[in-house]
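Structural characterization, general
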Amino acid sequence: MKVTEITATEFQAMMRVAAHRLTKNAEFVNSLNVFPVPDGDTGTNMSLTFQSGAKAVNENNAQAVGELSKSLAKGLLMGARGNSGVISSQIFRGFSKSMEEKISLTAQDLADAFTSGVQTAYKAVMKPVEGTILTVAREGAKAGAKVAAQTDDIGAVVEAVVEGSKKALLKTPELLPVLKEVGVVDSGGQGLVFIYEGFLEGLTGQAPAKDLYTPDEAEMDEMVNANHHQTAQMGTEEIENGYCTEIMVALGDGTTVDREFDYDEFRNHLNGIGDSLLVVADDEVVKVHVHTEHPGTVMAYGQHFGSLMKIKVDNMRLQHDTIVENDQQAAPVQAEPVDTGIIAISAGAGVAELFRSLGATYILSGGQTMNPSTQDILDAIQAANAKKVILLPNNKNIFLAAEQAAEVAEIPVEIVQSRTIAQGMTALLSFDPSAELQANQVAMTEALDTVISGQVTQAIRDTTLDGLEIKKDDYMGIIDGKIKVSTADRQTAAIEMVQTMLDEDSEIVTIIVGEDGDMTEAEAISDAIMAQDDELEVEIHEGDQPVYPYLISVE
């Protein structure tokens, strides 16, 4: 089927299916993490980021694509998590910007949008690296632009974008040596390919049979919530169809059955009875949500095809004020007022207490595998209740979201780019409450290099990285982001890692025990360290952090 125009309806479908496709494949994208550690989160971050954009689009009842594109960009900005999520949000920021004034889109409009997205993303990244999501986006946009110059068929343009991005994805290991060494393609690029495939299916229905989009019950509920959010934006007097009606029909069951179920015929009939129609069906059950003035008519029609398993009818005019009230999210509990707030991002109750003891005024829960979004960080800045804020990400994958939050925050925010928990704690020791915000940021940043950070965790697959052979289930010692030790015994891995970290200037070793760590084993690690150098001071703290049984720093 040739498509020559994208209206608001097609645009919403494209975003919804893309979000579904990426979510469905998030774990696969996670598995492409270069490091064989149980914290690969590119797929999760991109999925949550795009879900935020798709949700914003679904909740906007505008009929102009340009207005929906603004919602997409805002939703992605605020929902962006991790570097992969932020970069993808920048791609679609440019994508959306090019169509802001459009009522609908032509093939050329869409091709221009893909190109604009690439240009915006390259400008947003300080040092663009080829062999990443940027390369995949660029080559996809090139392929789309080439086809748009030859045809007005939008489906052909999107198909070209998909194929171009796929070809670029397969070449990423040739551009980025570490990908070739590990034997994977770029994870962010793979996530983008899934988004583009979702666009194609949402627009044309073109996908392998096993991949065709069928909303599950959770997604159906999310779409219902989006419809209700749109209703909440109206005044009560504007609601034309006042009864939110939901039925679930067991197809072919019961004594009232007198018709064969045909999805298109069924949906078209109900479309004439009300609005905000959603229909999800498989071989056994059909689930319906519709806003109508005649709920009894909907139920009676459903009984032609089977027995009613579930019936729900709500008077939306009576519920309207409640819907509006429930739609407003409560703000985080504010901290005590301070002049300079220090926000530390960390996971684990014990780690949070350590940060508080060192002077952090607000703890935002997050870290590896659960990167906070731009909106989460903005909420924390507000909840810090300060005139100005210093932000400690404690994870390099949070830097870009932190920067986006700092740009749109209403108060001055400086970021100290701490890559680890140990760096964040060391930076806090250099904070001077009498100094200016920028002077503190400089001093705290300079302190980052005075500590060496080590992490112990378990390998999730066999691989070879930087010449080190790693076996699945081995315990790895990671020093300042590089795997230096891999062995079958956890205690041995920790000891060998620390031995590599120590030098003649080392004075203090700090062991933070995670939720999978063991205090007795930590004591044994401490004894082994002291046996090597009895002049060292060793501290042990309970951190309760996930993923890493031991975080060990050397100062």
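Treat the numbers as computed from the prediction; the structure is a model and nothing was measured.

**Quick word on the pattern of salt bridges**
In total, this model carries 19 salt bridges according to the counting rule given. Where Lys-180 meets Glu-174, a salt bridge forms, and the shortest distance between an N and an O atom there is 3.5 Å. Each member of the pair, Lys-180 together with Glu-174, is exposed. Lys-472 is the salt-bridge partner of Asp-473, the closest N and O atoms lying 3.7 Å from each other. Using a relative accessible area of 47% as the deciding quantity, one classes Lys-472 as partly exposed. One network of salt bridges, in which partners are shared, links Glu-130, Arg-138, Glu-139 and Lys-142.

**What about the sheet that holds strand E8 (residues 413-415)?**
Pairing in this open sheet of four strands is parallel, and the strands run E6-E5-E7-E8 from one edge to the other. This sheet does not close on itself; its edge strands, each paired only once, are strand E6 (362-365) and E8. The mean angle between the axes of side-by-side strands here comes to 25°, regardless of whether they run parallel or antiparallel. Here strand E7 (residues 386-392) pairs with E8 via three bridges, running parallel. When the sheet's bridge partners are listed, Val-389 is paired in E8 with Val-413.

**Focus: the confidence of the model for the protein chain**
In regions of low pLDDT, the predicted coordinates are not meant to be interpreted in detail. Of all residues in the protein chain, 89% have pLDDT values of 70 or greater, and the mean over the chain is 88. Here residues 327-331 scores under 50 on pLDDT; set against residues more than four positions off or in separate chains, the count is one contact.

**A few points about the sheet that holds strand E15 (residues 537-542)**
As summarised here, the arrangement of the six strands in space is E13-E12-E9-E16-E14-E15, forming an open sheet in which the pairing is mixed. In this open sheet, the two strands that pair with only one neighbour each are strand E13 (482-487) and E15. Each strand of the sheet is rotated relative to its neighbour by a mean of 20°, with strand direction disregarded. Direction of pairing for strand E9 (residues 452-458) relative to strand E12 (residues 475-479): antiparallel, over a ladder of five bridges. Bridged to Gln-455 within E12 is Ile-478. Contacting E9, E12, E13 and strand E16 (550-554), helix H20 (residues 490-501) crosses the sheet at an angle of about 160° to E9.

**Observations regarding helix H21 (residues 519-532)**
Residues lying three or four places apart along an α-helix face the same way, a consequence of the helix completing one turn every 3.6 residues. Counted at 1.5 Å a residue, the expected span for H21 with its 14 residues is 20 Å, and the 20 Å between its end C-alpha atoms agrees. For H21, the set of buried residues is Glu-521, Ala-522, Ile-525, Ser-526 and Ile-529. With its buried residues spanning 145° around the axis, H21 presents them on a single face. Turned more than 90 degrees off the buried face of H21, the exposed positions are Thr-520, Asp-527 and Ala-531. Looking at the packing, one finds that the buried side of H21 touches H20, strand E14 (508-513), E15 and E16.

What counts, and where the lines are drawn
Residues numbered from 1 in each chain as written. Predicted model: local features only at pLDDT ≥ 70, side-chain atom pairs only at ≥ 80, totals over all residues. Heavy atoms only, no water. Salt bridge = Lys/Arg side-chain N within 4 Å of Asp/Glu carboxyl O. Buried < 20%, exposed > 50% of the residue type's maximum accessible area, 1.4 Å probe, protein only. Pairing = 2+ DSSP bridges. Helix = DSSP H or I, 4+ residues; strand = E, 2+ residues; numbered from the N terminus. Axes fitted to C-alpha atoms, helices over the stretch in contact; angles between N-to-C directions. pLDDT = per-residue confidence, 0-100. Contact = heavy atoms within 4.5 Å. Expected span 1.5 Å × (residues − 1). Arc of directions from axis to C-beta.

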